[in-house]
Amino acid sequence: VFQKWVNREISNFDYLIQLNTMAGRTYNDLAQYPVFPWILRDYTSEELDLNNPAVFRDLSKPIGVVNEKNAKTVKEKYENFEDPLGMIDKFHYGTHYSNAAGVMHYLIRVEPFTTLHIQLQSGRFDCADRQFHSIPAAWQALMDNPNDVKELIPEFFYFPEFLENQNGFNLGQLQMSKEMVNDVVLPKWAHSPEDFIYKHRKALESEYVSAHLHEWIDLIFGYKQRGPAAVEALNVFYYCTYEGAVDLDALTDEKERKALEGMINNFGQTPCQL
């Protein structure tokens, strides 16, 4: 697969899907859903210029520190973390770039994710301000908040329907603007959900991304995923997100085991290292 990708016989999209599959990710498990990168950082221009490197996100950095301003906070959090019981390793992020709640967050307008979201929120929609209502606003939130480190899901590159409220769900209204949450607000350069998907997919297959995608792959699937390289890259997550960090079979106490399973499901999981 790698050789095929290097020879450009398969697309960046296909390569990412194959890596996700090899690392144990699947559409059948929300806790291990395929993970894709944010690839752009320009959501405000009238036109998207894919020949300009400045429109792309820096793929060599975890999403939590793509904004330089957050790097200091993230570093300090890691350096100052002490677990008095000595069980929990130091970490940069207490949340994860891929977890069940994040998948439902993006896919809230489409069943069965709508129902799953409502179940997660004890029978109703989460408050409107916390919902996925705008792509530019979602990117801005990531830039402002080092605790929000959600990467994307594959749907952002092929499935325009998830950006539309075709089922007419009442998702509430935003506090500040009093605007009803309906279809997802798109970047200025996208004229429709289909146009967004078309341009976003084009961006994924662009020359810039083809040349830098391996840097992101190193963080998520490769050598910067754990150990000293991960520490240096500001890429360490909460201990129970890593494969093999917790031996569930060794836990005899049913309650303790259930609690840990719940934690792993909610926190998200780091893919198997390839």
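Everything quoted here is computed from the prediction, not taken from an experiment. (Residues numbered from 1 in each chain as written. Predicted model: local features only at pLDDT ≥ 70, side-chain atom pairs only at ≥ 80, totals over all residues. Heavy atoms only, no water.)

A. Quick look at the overall build of the protein. A tally of helices and strands in the protein yields 10 helices and zero strands. Shown N-terminal to C-terminal, the secondary structure of the protein runs as helices and strands in the order α-α-α-α-α-α-α-α-α-α. For the protein, whose C-alpha radius of gyration is 19 Å, the value lies close to the compact-globule estimate of 19 Å for 274 residues. In terms of overall dimensions, the protein has a C-alpha envelope of 55 × 50 × 35 Å along the principal axes. Residue burial in the protein is summarised as follows: out of 274 residues, 48% are buried. (Helix = DSSP H or I, 4+ residues; strand = E, 2+ residues; numbered from the N terminus. Rg over C-alpha atoms; globule rule 2.2 N^0.38 Å. Buried < 20%, exposed > 50% of the residue type's maximum accessible area, 1.4 Å probe, protein only.)

B. Summary view of unusual backbone geometry. Note the cis peptide between Glu111 and Pro112, where omega equals 5°. With respect to the secondary-structure elements, Pro112 resides in the loop between helix 4 (100-106) and helix 5 (113-120). One non-glycine residue, Arg8, lies in the positive phi region at around 60°. Examined against the element boundaries, Arg8 turns out to sit in the loop between helix 1 (2-6) and helix 2 (12-22).

C. How the structure looks around the UniProt feature "domain: BEACH" (unreviewed entry) in the protein. When the UniProt feature table is mapped to this numbering, "domain: BEACH" (unreviewed entry) covers residues 1-274. Counting secondary structure, residues 1-274 comes out at 36% helix and 0% strand; the distance between its end C-alpha atoms is 13 Å. (UniProt positions renumbered as here; feature names shortened; annotations may be inferred.)

D. Representation of the layout of surface pockets in the model. By volume, the largest pocket amounts to about 580 Å³. Lining the largest pocket are 32 residues; nearest its centre among them are Gly102, His105, Arg130, Asp148 and Lys150. Only helix 4, helix 5, helix 6 (135-144) and helix 10 (254-267) provide two or more residues apiece to the lining of the largest pocket. Tallied by class, the residues present in the lining of the largest pocket amount to 13 nonpolar, 14 polar and five charged. (1 Å grid on protein atoms, 1.4 Å probe; cavity = no way out; pocket = protein on both sides within 12 Å on 5 of 7 lines; lining within 4 Å. Points joined across faces, edges and corners; volume = space filled by probe spheres on them. Nonpolar A, V, L, I, M, F, W, Y, C, P; charged D, E, K, R; others polar.)

E. Structural view of the environment of Val103. With respect to the element layout, Val103 can be found in helix 4. In this structure Val103 comes out as buried when scored by relative accessible area, which is 2%. In sequence terms Val103 and Leu186 are 83 residues apart; their C-alpha atoms lie 19 Å from each other. Residues within four places of Val103 in sequence aside, it is in contact with Leu30, Tyr33, Phe113 and Ile153. (Contact = heavy atoms within 4.5 Å.)

F. Quick look at helix 6. Among the residues of helix 6, those classed as buried are Ile135, Ala138, Trp139, Leu142 and Met143. The arc that holds the buried residues of helix 6, viewed along the axis, is 140°, so those residues lie on one side. For helix 6, the elements touching its buried residues are helix 3 (68-80) and helix 7 (193-204). (Arc of directions from axis to C-beta.)

G. Representation of the nonpolar core within the structure. In terms of nonpolar packing, the biggest core is built from 76 residues, with Trp38, Leu40, Phe132, Ile135, Phe156, Leu163 and Phe196 touching the most fellow members. When contributions to this core are tallied by element, the ones reaching two or more residues are helix 2, helix 3, helix 4, helix 6, helix 7, helix 8 (207-220) and helix 10. Residue contributions to this core peak at six residues, all from helix 8. The residues contacting Ile135, other than those within four sequence positions of it, are Trp38, Tyr43, Phe156, Leu163, Val184, Val185, Leu186, Pro187 and Phe196. Residues Ile108, Leu171, Leu174 and Val181 belong to the second largest nonpolar core, which totals six residues. (Core = buried A, V, L, I, M, F, W, Y, C linked by side-chain atoms within 4.5 Å.)

H. Highlighting helix 7. Over its 12 residues, helix 7 runs 16 Å from end to end, which matches the ideal 16 Å to within 8%, given 1.5 Å per residue. Of all the positions in helix 7, only Pro193, Asp195, Phe196, Ile197, His200, Ala203 and Leu204 are classed as buried. In this structure, the buried side of helix 7 is in contact with helix 2, helix 6 and helix 8. (Expected span 1.5 Å × (residues − 1).)

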